[in-house]
Amino acid sequence: MTSIIIFGLLIALMLTGMPISIALGLTVLTFIYTMTNVPTESVALKLFTGIDNFEIMAIPFFILAGNFLTHGGVARRMIDFARSMIGHWYGGLGLAGVLACALFAAVSGSSPATVIAIGSIMLPAMLKQGFPKRFGAGVITTSGALGILIPPSIVMVIYCVATGGNIALDPAGQRVSSASVGQMFIAGVIPGLMLATLLGATTFYRAWRNDYPRLPKASWGERIAAFRKCVWGLLLILIVLGGIYAGIFTPTEAAAISAVYAFVIAVFVYRDMTLKDVPKVLLGSANMSAMILYIITNAVLFSFLMANENIPQAIANWITSIGVGWIVFLLVVNVLLLLAGNFMEPSSIVLIMAPILFPVAVKLGIHPVHLGILMVVNMEVGMCHPPVGLNLYVASGIAKMGITELTIAVWPWLLTMLIFLGIVTYVPEISLWLPRMLGML
């Protein structure tokens, strides 16, 4: 009954059009003041301690790094490199767009940033070469979603923050802790490469079937020259993932280093930005960071309420008592997350659902890293379908297309993503093999 009251109040507030972050906070305050004896001081203390977390500092740093790279000409050089490598295949510019999105995703950590950076350059070029607008918009909208699956990923950091410090019992009664940011980053490598390959295959098939334009084959000299121009951006991938795996620095330290590195290459190496442009980038990054941190603060307060009322453990006990297995549970999780994606943006979904799903998943023998990757892939799908898919709105502005037309344009790639979601859901080794092989699990 308690859980029904809490979630009923939350849904009622959201249906009024209230921002999700404020709805979360008001739900907690209303319930605590009217139905519990929890002292008000604990609420104020939790608001402070909720973001007093070292891992949360990675979020503004990755946002800052992504903004420097978006404004600093890195995306254009990655596109040139991708075009030189595979531009001569069927749908050359489309395939180059998928590869460029994958490369930029590996340095930005944000899907909308990837769509803006790659789409604003690639879409006009595709239209100029004769590609249909729907084809180009579909490629960029869905490939941009790789920004939250290929590490570093802001959504992965948020998942670790949402489940951080939680301890659950597995089927054998052993205590299982939440996943770390480093584990999630390494676990996202293979799923990210697989999805990029599948999106590329869909692009190739549609281009081959419709005989879309191809670029002249680049010489190896041109390819090497393009690689040299973009190598400074690609080095960031090695710095972040290599540094984390080698134990040189933590993911939060890697985020700080990536922000400084992105600033240096944008301003002093590529020189596509001047020092006068830096305050504008800093202000934009601060605005985006403040928005996400405000959501996190209220979501942590909501998690505190659920933990105080013992709701996640009660749900876990109820699910196991009625004999639901991990196969059915993961199917229900996918449906629930896809439905939530119709109304909420990824950060809010992860912050609300992860603390609830974590103890249930562990009790059914599902690894926290597997659950995290599963949630991230669901968030990718949610960003590419209406009514609140962020990638749709960003791509709509770039392509000058309506949301309805763009929704029709993305469906072949969206279907590919749904098939991939099914594979990732029921083949856990796709997520777990690499971190396990590297000794991180």
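Computed from a predicted structure; not experimentally measured.

Asks: When you look at the overall build of the protein in this model, what are you seeing that I'm missing?
Replies: Looking only at helices and strands, the protein has 21 helices and two strands in total. Here the protein holds 441 residues, and 54% of them are scored as buried. Within the protein, counting contacts between residues at least 6 apart in sequence, those at least 24 apart form 79% of the total. Carbon together with sulfur atoms contributes 69% to the accessible area of the protein, which is approximately 18,300 Å² in total.

Asks: When you look at helix α8 (residues 133–143) in this model, what are you seeing that I'm missing?
Replies: Most of α8 sits inside the fold, with nine of its eleven residues counted as buried. Where α8 is concerned, the buried positions are F135, G136, A137, G138, V139, I140, T141, T142 and S143. The inward-facing, buried residues of α8 abut α6 (92–108), α7 (111–129), α11 (189–210), α19 (390–399) and α20 (403–426).

Asks: Mind showing me how you'd approach the packing of helix α4 (residues 58–71) against helix α9 (residues 154–163) here?
Replies: When two helices pack together, their arrangement is given by the angle between the helix axes and the distance between those axes. At a closest axis distance of 10 Å, the pairing of α4 and α9 adopts a crossing angle of 175°. Considered as vectors, α4 and α9 are oriented roughly antiparallel to each other. Across from A58, I59, F62 and I63 in α4, the residues of α9 making contact are I154, V157 and I158. Of the residues assigned to the contact of α4 with α9, the class counts are seven nonpolar, no polar and no charged.

Asks: I tried to follow the pattern of salt bridges on my own but got confused; where do I start?
Replies: Two side chains carrying opposite charge are able to pair once their charged atoms lie near each other. Going through the model one piece at a time under the given rule, you end up with five salt bridges. One salt bridge connects D272 with R77, and the closest N-O pair in it is separated by 2.6 Å. Of the two residues, D272 is situated in the loop between α13 (251–269) and α14 (278–308) and R77 in helix α5 (residues 74–86); the sequence distance between them amounts to 195 residues. Residue classification places R77 among the buried positions, given a relative accessible area of 13%. Among the ionic contacts, a cluster of salt bridges with common partners joins R76, R77 and D272.

Asks: Whenever I open this one, the environment of P251 confuses me. Can you help?
Replies: Residue placement: P251 occurs in helix α13. It is 9.9 Å that separates the C-alpha atoms of P251 and Q183, two residues lying 68 residues apart in sequence. In this view, P251 contacts A58, F62, V181, G182, F185 and I244; residues no more than four positions away in its chain are not counted.

Asks: What should I look at first to understand the side chain of T252 in this one?
Replies: Its location among the elements puts T252 in helix α13. On the accessibility criterion, T252 (6% relative accessible area) is buried.

Asks: So what exactly am I meant to see when it comes to the side chain of N334 here?
Replies: Tracing the chain through its elements places N334 in helix α16 (residues 326–340). On the basis of relative accessibility, which here comes to 8%, the residue N334 falls in the buried class. Apart from the residues within four sequence positions on either side, N334 is in contact with L374, N378, L421 and T425.

Asks: How do you make sense of the packing of helix α3 (residues 40–49) against α14 when you look at a structure like this?
Replies: One can describe the packing of α3 onto α14 by two numbers: an axis separation of 9 Å at closest approach and a directional angle of 130°. The orientation of α3 with respect to α14, classified from their angle, is oblique. By crossing handedness, the relation of α3 to α14 is classed as right-handed. For the pair formed by α3 and α14, the contact residues are S42, V43, K46 and L47 on the first element and T297, V300, L301 and F304 on the second. Residue composition of the contact of α3 with α14, by class: five nonpolar, two polar and one charged.

Asks: Help me out: how do you make sense of the state of the cysteines in this one?
Replies: Two cysteines form a disulfide when their sulfur atoms are joined by a covalent bond. Applying the stated rule across the entire model yields zero disulfides. For the unlinked cysteine C101, the closest cysteine sulfur is that of C384, found at 10 Å.

Asks: Could you clarify how one ought to interpret the environment of R228 in this entry?
Replies: Structurally, R228 is set in helix α12 (residues 220–246). Taking the relative accessible area as the measure of exposure, R228 reaches 63% and is therefore exposed.

Asks: I would appreciate a short explanation of α6 in the present structure.
Replies: Because an α-helix packs 3.6 residues into every turn, residues spaced three or four apart end up facing the same way. Between its first and last C-alpha atoms α6 spans 24 Å; for 17 residues at 1.5 Å apiece the expected length is 24 Å, and the two agree. Counting buried positions along α6 gives 16 out of 17 residues, so the element sits mostly inside the fold. Among the residues trailing α6, G109 stands out with phi positive, at a value near 80°.

Criteria and thresholds
- Residues numbered from 1 in each chain as written.
- Predicted model: local features only at pLDDT ≥ 70, side-chain atom pairs only at ≥ 80, totals over all residues.
- Heavy atoms only, no water.
- Helix = DSSP H or I, 4+ residues; strand = E, 2+ residues; numbered from the N terminus.
- Buried < 20%, exposed > 50% of the residue type's maximum accessible area, 1.4 Å probe, protein only.
- Contact = heavy atoms within 4.5 Å.
- Areas by Shrake-Rupley, 256 points an atom, 1.4 Å probe, with all protein chains shown as cover.
- Axes fitted to C-alpha atoms, helices over the stretch in contact; angles between N-to-C directions.
- Parallel < 35°, antiparallel > 145°, perpendicular 65-115°, else oblique.
- Nonpolar A, V, L, I, M, F, W, Y, C, P; charged D, E, K, R; others polar.
- Salt bridge = Lys/Arg side-chain N within 4 Å of Asp/Glu carboxyl O.
- Left-handed = near helix turned anticlockwise from the far one by under 90°.
- Disulfide = S-S within 2.5 Å.
- Expected span 1.5 Å × (residues − 1).

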